[in-house]
Amino acid sequence: MTVGLDTVKFAEETIELMERMGVARAALEGGTLAATSPNTGETLAMIKEDSVEETSAAIGRAHDAFKEWRKLPAPRRGELVRLLGEELRTYKDDLGKLVSLEAGKITSEGLGEVQEMIDICDFAVGLSRQLYGLTIATERPGHRMMETWHPSGVVGVISAFNFPVAVWSWNAALAFVCGDSVVWKPSEKSPLTAMAVQALYERAAAKFGDDAPKGLLEVIQGGREIGETLVDDKRVPVISATGSTRMGRQVGPRVAQRFGKSILELGGNNAAIVTPSADLDLTLRGVAFSAMGTCGQRCTTLRRLITHDSVYDALIPRLIKAYASVKIGIPTEEGTLIGPLIDKDAFDNMQKSLEAAKAAGGTVHGGQRVMADEYPDAYYVQPAIVEMPGQVGPVLEETFAPILYVIRYTDFDDAIEIQNGVGAGLSSSVFTKDMGEAETFVSVVGSDCGIANVNIGPSGAEIGGAFGGEKETGGGREAGSDAWKAYMRRATNTINYSGALPLAQGVKFDV
Ligand code: UN1
């Protein structure tokens, strides 16, 4: 197979980007962990992996940093996060580009990911003056009862390749204002973006001054073993892990075993219900973005389209056409909407699911590999639509690839049952103009997911809401609303200023 002279190469550009953001070239050469670009399959850098001992030492430094950091007033801690947001604004283009090179996202999604980091920094800065506790009525005269939120300690953040930097920021921006330190284990498929973010953080910390203790952010690079070291370490009271349900099944019990707290954001198998009254133009666009965007590699990706019989023929053939004409290619090229799958494993899993779907009676449109001649080491695919006879076989599982299963329904209650009839419970949506259907969907008898939308797809959440889901998605919440509470510990304080000692519940104990 000949690779043309004009074949895109990203390694040199990557190193330039990294140097601009403050990573030394020496840190990108001579290591044992290969950072590759899914866009071409080429090696971008060889970086150093951390050993178990180095991981343990990093946790120790973070623990020491926490002991200092917790003493700063929260609004002052917010200032560090504000400065981090400034660095991210300055380097938005560079970091966005790096996300495109390392994770294969199209340009606007790479930039969007950095914007999401900026947004959460702004949110956290405001939050740094709003870590409110309650004052609670007490039954005893001359007493006051209140609750205080204190920092928890070291927060371990385990993130996935598909949102290599935004997910870290949802956790870290909150953790920092909450008075915690952070040890970050990025996916071994996206080590470079983590190094760049660490360098930007160091710049913000230098501007902040001596109040930012060394070790407030530690990044550990490598595979499963060091992840386990982090998960098992008693000095890490909170583990926030984003990834597959399989990973969460291991992390959750291990953290619980030592009575740590975990925030789990795991797999999704997200559906949309298309009802008879749906605006089909809007539905088509909403479905296209949430099912094909990021090449189907968001945990919020739309994977099941539960379509009413009466609109099936008006929508599905149009959707199949849109799927066939969408521009697939190098994600940084103008006009590209679909970049590559992350690696060969992802491609093999996609093909396995498509075979299983066929065996279960599905009709597959698309799904084949493309651009293999130009880029034999990259895995570009035509996104697939699969018409299914029902919710069977691979439809019940998350496959991290652009496969949209289409299922028919006739009765709205059945549609909700199909929507809820899978293990995962992350995100969901309904396309309808019928107020009764819309309200039912978001009500107690509607969607069982952590995110339930009306007339938008299940993906593309903003940071202001709490992000996460139920059932096999793990139950954790990150980002907005009151998700910050998971990064702090609560103390209930009862203060007696009466001079007497009345006991609660009228108990008498006179000695
Ligand atoms: C993820 O896929 O891991 O809702 C997170 C969205 C994004 C976050 C997705 N804001 O698509």
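Trainee: Let's hear about the overall build of the chain: which residues, and what values?
Mentor: Helices and strands together make up the secondary structure of the chain, namely 14 helices and 23 strands. Its C-alpha atoms give the chain a radius of gyration of 25 Å, near enough to 24 Å, the size a compact globule of 511 residues would have. A total of 511 residues make up the chain; the buried ones form 55% of that total. Taking as baseline every contact in the chain between residues at least 6 positions apart, the subset at least 24 positions apart corresponds to 75%.

Trainee: Requested: an account of the pairing of strand S2 (residues 43–47), with residues and values cited.
Mentor: Alignment of strand S1 (residues 33–36) against S2, held across four bridges, turns out to be antiparallel. Paired with Ala34 across the two strands is Met46, which belongs to S2. Counting the residues that bridge the hairpin from S1 to S2 gives six residues, and of these Gly41 lies at a positive phi of roughly 85 degrees.

Trainee: So what's going on with the packing of helix H4 (residues 92–103) against helix H5 (residues 107–127)? Which residues, and what values?
Mentor: The contact between H4 and H5 brings their axes to 8 Å, and the two run at 125 degrees. With respect to each other, H4 and H5 are oriented oblique. Where H4 crosses over H5, the two elements pack in a sense that is right-handed. Within the contact between the two elements, H4 uses Lys92, Asp93, Leu95, Gly96, Val99 and Ser100 and H5 uses Thr107, Gly110, Leu111, Glu113, Val114, Gln115, Met117 and Ile118. Its residues assigned to classes, the contact of H4 with H5 shows six nonpolar, five polar and three charged.

Trainee: Account for the sheet that holds strand S16 (residues 403–409), naming residues and giving values.
Mentor: Two modes of strand pairing occur in sheets, parallel and antiparallel, and in both the strands are linked by backbone hydrogen bonds. Taken in spatial order, the seven strands make up an open sheet running S12-S15-S16-S11-S10-S18-S19, and their pairing is mixed. Each end of this open sheet is capped by a strand with a single partner; those strands are strand S12 (363–365) and strand S19 (451–454). Across the sheet, the axes of successive neighbouring strands diverge by a mean angle of 20 degrees, strand direction being ignored. As defined by bridge partners, strand S18 (residues 427–431) adjoins S19 across four bridges and the pair is classed as parallel. Following the sheet pairing, Val430 is matched in S19 by Val454.

Trainee: Quick rundown of the confidence of the model for the chain? Include the residues and the values.
Mentor: Detailed reading of the predicted coordinates is not advisable wherever pLDDT is low. Mean pLDDT for the chain: 97, with 99% of residues reaching 70 or above. Considering only residues more than four positions removed or in separate chains, one finds that residues 1–5, a stretch of pLDDT under 50, has six contacts. Among the scores for the predicted complex, ipTM is 0.95 and pTM is 0.96.

Trainee: Which residues make up the nonpolar core, and what are the values?
Mentor: By size, the foremost hydrophobic cluster in this structure holds 138 residues, and its most contacted members are Leu95, Trp168, Phe176, Trp184 and Leu305. Setting aside anything within four residues of it in sequence, one finds Phe176 in contact with Trp69, Arg77, Val81, Trp168, Val182, Tyr201, Leu216 and Leu217. By size, the runner-up hydrophobic cluster in this structure holds 18 residues, among which are Ala58, Ala62, Ile239 and Val255.

Trainee: Can you break down the sheet that holds strand S3 (residues 135–136) residue by residue, with the values?
Mentor: Taken in spatial order, the three strands line up as S3-S4-S23 in an open sheet, and their pairing is antiparallel. Whereas interior strands pair on both sides, the edge strands pair on one side only; in this sheet they are S3 and strand S23 (488–496). Strand direction decides the pairing type here: S3 and strand S4 (residues 143–151), joined by two bridges, are antiparallel. Its bridge partner being in S4, Thr135 is matched across the sheet by Met146.

Trainee: Can you tell me about the pattern of salt bridges, naming the residues and giving the values?
Mentor: Summed over the entire model, instances satisfying the criterion amount to 29 salt bridges. With a shortest N-O distance of 3.0 Å, Arg89 and Asp122 are connected by a salt bridge. Within this pair, whereas Arg89 is found in helix H3 (residues 74–90), its partner Asp122 is found in helix H5, the two being separated by 33 residues in sequence. Given the relative accessible area of 40%, Arg89 is considered partly exposed. Among the ionic pairs, Glu188 bridges to Lys185, the shortest N-O distance being 3.4 Å. Lys185 sits in the buried class, given a relative accessible area of 6%. Within the structure, one salt-bridge network assembled from shared partners comprises Arg224, Glu228, Asp232 and Arg254.

Trainee: Before we move on, can you summarise the packing of H3 against H5 with the specific residues and values?
Mentor: Look at H3 against H5: their axes get within 9 Å of each other, and the N-to-C directions meet at 160 degrees. As summarised for this structure, H3 and H5 are arranged roughly antiparallel, according to the angle between their axes. For the pair H3 and H5, the crossing hand works out as left-handed. On the side of H3, the interface is formed by Gly78, Val81, Arg82, Leu84, Gly85, Leu88 and Arg89, while H5 contributes Val114, Met117, Ile118, Cys121, Asp122, Ala124 and Val125. Of the residues assigned to the contact of H3 with H5, the class counts are nine nonpolar, two polar and three charged.

Trainee: Give me the lowdown on a nonpolar patch on the surface, citing residues and values where you can.
Mentor: Together, Leu501, Leu503, Val507, Phe509 and Val511 give the surface a local cluster of nonpolar side chains, amounting to about 600 Å² of exposed area. Secondary-structure assignment places Phe509 in the segment after S23. Take Phe509: its relative accessible area is 65%, and that puts it in the exposed class.

Trainee: Lay out the site of the ligand with the relevant residues and their values.
Mentor: Taken together, Glu116, Asn162, Phe163, Trp170, Glu265, Arg298, Cys299, Thr300, Ser459, Gly460, Ala461 and Phe467 are the residues near the ligand. The separation between an oxygen atom of the ligand and a polar side-chain atom of Asn162 is 3.4 Å. A distance of 2.7 Å separates an oxygen atom of the ligand from a polar side-chain atom of Arg298. For the ligand, the accessible surface in isolation is 320 Å², of which the surrounding protein chains cover 99%. Looking at side-chain class alone, the shell around the ligand contains five nonpolar, four polar and three charged residues.

Trainee: I'd like a description of the side chain of Glu147, backed by residues and values.
Mentor: Mapped onto the elements, Glu147 comes out in strand S4. Engagement of the side chain of Glu147 in a polar contact is seen with the side chain of Arg490, the distance being 3.2 Å.

Trainee: How would you sum up the packing of aromatic side chains? Please name residues and give values.
Mentor: For the structure on display, the rule yields eight aromatic pairs. The residue whose ring lies beneath Arg76 is Phe208, and the NZ or CZ to ring-centre distance is 3.9 Å. We note Arg369 situated over the ring of Phe347; from NZ or CZ to the ring centre the distance is 5.8 Å.

Conventions we followed
- Along each chain, residues carry numbers from 1 onward, in the same order as the chain's sequence is written.
- In keeping with the model being predicted, local features are shown solely for residues with a pLDDT of at least 70 and side-chain atom pairs are shown and tallied solely at 80 or more, while totals for entire chains, interfaces and linings include all residues.
- Think of the side-chain values as coming from all heavy atoms in the structure, minus any hydrogens and water.
- What counts as a helix is a DSSP run of H or I of at least four residues, what counts as a strand is a run of E of at least two, and both are numbered from the N terminus.
- C-alpha atoms define the radius of gyration in this analysis, and the globule rule sets the expected value at 2.2 Å times the number of residues to the power 0.38.
- Here's how the labels work: a residue is buried when its accessible area is under 20% of the maximum for its type, exposed when over 50%, partly exposed in between, all with a 1.4 Å probe on protein chains only.
- Working rule for contacts: check all heavy atoms of both residues, and any pair within 4.5 Å makes them a contact.
- The pairing criterion for strands is at least two bridges between them, as found by DSSP.
- In this description, a line fitted to the C-alpha atoms serves as the axis of each element, helices being fitted only across the stretch in contact, and the angle between N-to-C directions of two axes falls anywhere from 0 to 180 degrees.
- Note on angle classes: values under 35 degrees are labelled roughly parallel, values over 145 roughly antiparallel, values of 65 to 115 roughly perpendicular, and the remainder oblique.
- Left-handed describes a crossing whose near helix is turned anticlockwise from the far helix by less than a right angle; the clockwise case is right-handed.
- For this classification, Asp, Glu, Lys and Arg are treated as charged, while Ala, Val, Leu, Ile, Met, Phe, Trp, Tyr, Cys and Pro are nonpolar and the rest, including Gly, are polar.
- Every residue is assigned a pLDDT by the predictor, reflecting its confidence on a scale from 0 to 100.
- The nonpolar core is taken to be a set of buried Ala, Val, Leu, Ile, Met, Phe, Trp, Tyr and Cys residues, with the residues joined through side-chain atoms within 4.5 Å.
- Salt bridge, as used here, is a side-chain nitrogen of Lys or Arg placed within 4 Å of a carboxyl oxygen of Asp or Glu.
- Excluding any residue in a salt bridge, patches collect residues exceeding 30% relative accessible area, merging like charges within 9 Å and nonpolar Val, Leu, Ile, Met, Phe, Trp and Tyr side chains within 5 Å.
- To measure how exposed things are, a 1.4 Å probe is used in the Shrake-Rupley method; for residues, cover is taken only from the protein chains shown.
- Whether a residue is near a molecule or strand depends on its heavy atoms: if one lies within 4 Å, it is near.
- A 3.5 Å cut-off defines polar contacts: any pair of N or O atoms within that distance qualifies, except that in protein one atom must be a possible hydrogen donor and the other a possible acceptor, and neighbouring residues in sequence count only when both atoms are side-chain atoms.
- Working definition: a ring pair exists when centres of Phe, Tyr or Trp rings (six-membered ring for Trp) sit within 6.5 Å. Plane angles under 30 degrees give stacked, over 60 give edge-to-face, the rest tilted.
- Here, a charge over a ring is recorded when the distance from Lys NZ or Arg CZ to the ring centre is within 6 Å and its angle to the ring normal is within 35 degrees.

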